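Analysis of the macromolecular model
Read off the chains here:
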Amino acid sequence: MSQLVTIYGGSGFVGRYIAQRMAKQGWRVRVAVRRPNEATFVKPYGAVGQVEPVLCNIRDDASVAAAMQGADAVVNCVGILSEHGKNKFDTIQTEGAARVARLASEAGVNKMVQLSAIGADANSESQYARSKAAGEEAVLTHFPTAVILRPSVIFGAEDEFFNRFAAMSRFGPVLPLVGGDTRFQPVYVDDVAAAAEKALLGNADAGIYELGGPDVKTMRGLMEDMLAIIHRRRLIINQPFFVGRILGGMFDFLQFASLGLFKNGILTRDQVKNLRVDNVVSESARGFAQLGLQPTSMEAILPEYLWRYRPSGQYDAIKDSAKNLKT
């Protein structure tokens with residue numbers, strides 16, 4: 001019988017790419033999610049019955065254990081960018097990661113991959129970064145042979161980074177930023193999935209890998225590249241961090257005052273703290289080179305999905321070409 005991998009958060013941005021790769025390797029894939037009825041799109045990733053979404057709440061021991069029953073390997077992709085309701089940084093990114101690692105060890109699972117983030121730091125001002133670091137520590141305590149992947153900001157067709165700013169650019173002549181001088185090393189989502197695949201196939205040593213693409217740019221530089229791709233001219237204004245804290249506080253308060261009806265997906269105070277720190281691979285870190293992988297450039301991927309934000313969408317290039325025709 002083919003091997004089985006359980007991917008917690010397997011219908012999410014990164015998880016779905018890992019699911020596709022493992023299905024192509026001939027593995028059975030169990031996609032553990034809170035709403036399996038909304039994750040049926042993963043089924044065509046493999047043959048009939050090869051990829052199946054199952055119900056799981058990472059906050060519950062019995063639920064997590066049931067999802068990994070009989071698994072040869074597990075991947076934890078569950079994470080949040082902002083808190084809402086019962087989904088708190090510590091609950092999801094520390095306790096949830098610890099739960100998966102502990103139960104996997106107890107069940108005799110052979111391999112574990114934990115998706116973390118560059119910037120995970122126990123001494124960070126950001127609660128997000130501290131919870132990621134605590135999650136890593138808990139995983140290595142319970143499952144010392146785990147592979148931990150720390151990507152920089154991830155880009156791809158379903159990303160919440162370039163898509164969000166490209167959408168913002170359609171509504172006015174100004175594109176406001178916080179942390180415009182902060183450096184990032186964006187990494188393609190399928191490259192992160194390829195790293196996870198290497199680990200699951202036993203082709204990566206245990207420990208932490210920091211994953212960044214070939215391009216290192218400031219936030220302002222990334223926005224300039226994005227605007228060039230979507231053929232829009234906008235004034236980029238870098239807001240001081242104290243303004244960012246005020247704005248983040250206002251959006252956080254709106255979420256609190258609305259009893260969660262308004263979910264702050266715009267800017268939080270914790271995200272402002274994260275934006276003060278460069279998000280790049282450290283010089284001493286293991287990364288793609290040690291995994292035998294070559295990361296993909298943004299230039300090769302961004303135009304494939306950002307074209308829809310151009311003034312005329314898919315017809316923008318045709319209209320530009322038509323302007324050159326002689327009447």
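Anything mentioned here points back to the structure above.
1. Thoughts on the pattern of salt bridges
Applying the stated criterion to the full structure yields 11 salt bridges. Taking the shortest distance from any N to any O, the salt bridge between Asp 252 and Arg 269 comes out at 3.0 Å. Placement of Asp 252 in helix α8 (residues 241-257) and of Arg 269 in helix α9 (residues 269-274) is noted, with a sequence separation of 17 residues between them. The partly exposed category is assigned to Arg 269, whose relative accessible area is 47%. One salt-bridge network, held together by shared partners, links Arg 21, Asp 190 and Glu 197.

2. Some points on the packing of aromatic side chains
Summed over the entire model, instances satisfying the criterion amount to 8 aromatic pairs. Here Phe 13 and Tyr 17 contribute two aromatic rings whose centre-to-centre distance is 6.4 Å and whose plane-to-plane angle is 90°, an arrangement assigned as edge-to-face. Its relative accessible area of 11% is what places Tyr 17 among the buried residues. Considering the side-chain rings of Phe 161 and Phe 184, the 6.1 Å spacing of their centres and the 45° angle between planes classify their relative orientation as tilted. One end of the pair, Phe 161, is in the loop between β7 (154-155) and α5 (162-168); the other, Phe 184, is in strand β9 (residues 183-184), with 23 residues separating them in the sequence. The pair Phe 161 / Phe 184 is uniform in exposure class, with both members buried. Counting every residue linked through ring pairs, the aromatic cluster contains Phe 155, Phe 161, Phe 162, Phe 165, Phe 184 and Tyr 188.

3. Some remarks on a nonpolar patch on the surface
Taken together, Val 174, Leu 235 and Ile 237 make up a surface patch of nonpolar side chains, about 230 Å² in accessible area. Looking at the secondary structure, you find Ile 237 in strand β13 (residues 235-239). By relative accessible area, Ile 237 is classed as partly exposed at 33%.

4. Some remarks on the pairing of strand β4 (residues 73-76)
Neither face of β4 is left uncovered, since the one carrying Ala 73 and Val 75 and the one carrying Val 74 and Asn 76 both have all their residues buried. Bridge analysis of strand β1 (residues 4-8) against β4 gives 4 bridges, and the strand direction is parallel. Directly across from Val 5, in β4, lies its bridge partner Ala 73. Across 4 bridges, the pairing between β4 and strand β5 (residues 111-115) is parallel. Bridge pairing in β5 links Asn 76 to Gln 114.

5. Topic: the pairing of strand β2 (residues 28-33)
Most of β2 is tucked away: 5 of the 6 residues are buried. Both β1 and β2 contribute to a ladder of 5 bridges, which runs parallel. If you follow Ile 7 over to β2, its bridge partner there is Val 31. Assessed by its sense of winding, the connection that carries the chain from β1 through helix α1 (residues 15-24) to β2 is right-handed. Relative to strand β3 (residues 51-55), β2 is paired through 5 bridges, and the arrangement is parallel. What sits directly across from Arg 30, in β3, is Glu 52.

6. Focus: α1
When you tally the buried positions in α1, you get 7 out of 10 residues, the bulk of the element. Along α1, the positions that sit buried rather than exposed are Gly 15, Arg 16, Tyr 17, Ile 18, Ala 19, Met 22 and Ala 23. Buried residues in α1 make contact with β1, β2, β3, β4 and α6 (189-200). Positive backbone phi, at 90°, marks Gly 26, one or two positions downstream of α1.

7. Quick word on the side chain of Asn 87
The residue Asn 87 is located in the loop between β4 and α3 (89-107) in this model. Judged by relative accessible area, Asn 87 falls into the buried class, the value being 8%.

8. Side note on the environment of Gln 3
Residue position: Gln 3 is located in the segment before β1. Accessibility expressed as a relative area gives 37% for Gln 3, which makes it partly exposed. Residue contacts for Gln 3: discarding those within four places in its chain leaves Trp 27, Arg 28 and Asp 72.

9. With respect to the state of the cysteines
Per the counting criterion, the structure on display carries 0 disulfides. Among the cysteines around Cys 56, which has no disulfide bond, Cys 77 carries the closest sulfur, lying 13 Å off. By relative accessible area, which is 14% here, Cys 77 ends up buried.

10. Quick look at the sheet that holds strand β6 (residues 147-151)
Sheet architecture is open: 7 strands sit in the order β3-β2-β1-β4-β5-β6-β11, paired in parallel fashion. Each edge of the open sheet is held by one strand with a lone partner, namely β3 and β11 (207-211). Mean inter-strand twist for the sheet, computed between neighbouring axes without regard to direction, equals 20°. Direction of pairing for β5 relative to β6: parallel, over a ladder of 3 bridges. For Gln 114, the partnering residue across the bridge sits in β6 and is Ile 148.

Basis of the calculations
Residues numbered from 1 in each chain as written. Predicted model: local features only at pLDDT ≥ 70, side-chain atom pairs only at ≥ 80, totals over all residues. Heavy atoms only, no water. Salt bridge = Lys/Arg side-chain N within 4 Å of Asp/Glu carboxyl O. Helix = DSSP H or I, 4+ residues; strand = E, 2+ residues; numbered from the N terminus. Buried < 20%, exposed > 50% of the residue type's maximum accessible area, 1.4 Å probe, protein only. Phe/Tyr/Trp six-rings, centres within 6.5 Å; stacked < 30°, edge-to-face > 60°. Patch = residues over 30% accessible without salt bridge, like charges linked within 9 Å, V, L, I, M, F, W, Y side chains within 5 Å. Areas by Shrake-Rupley, 256 points an atom, 1.4 Å probe, with all protein chains shown as cover. Pairing = 2+ DSSP bridges. Right-handed = clockwise from strand over helix to strand, strands pointing away. Contact = heavy atoms within 4.5 Å. Disulfide = S-S within 2.5 Å. Axes fitted to C-alpha atoms, helices over the stretch in contact; angles between N-to-C directions.

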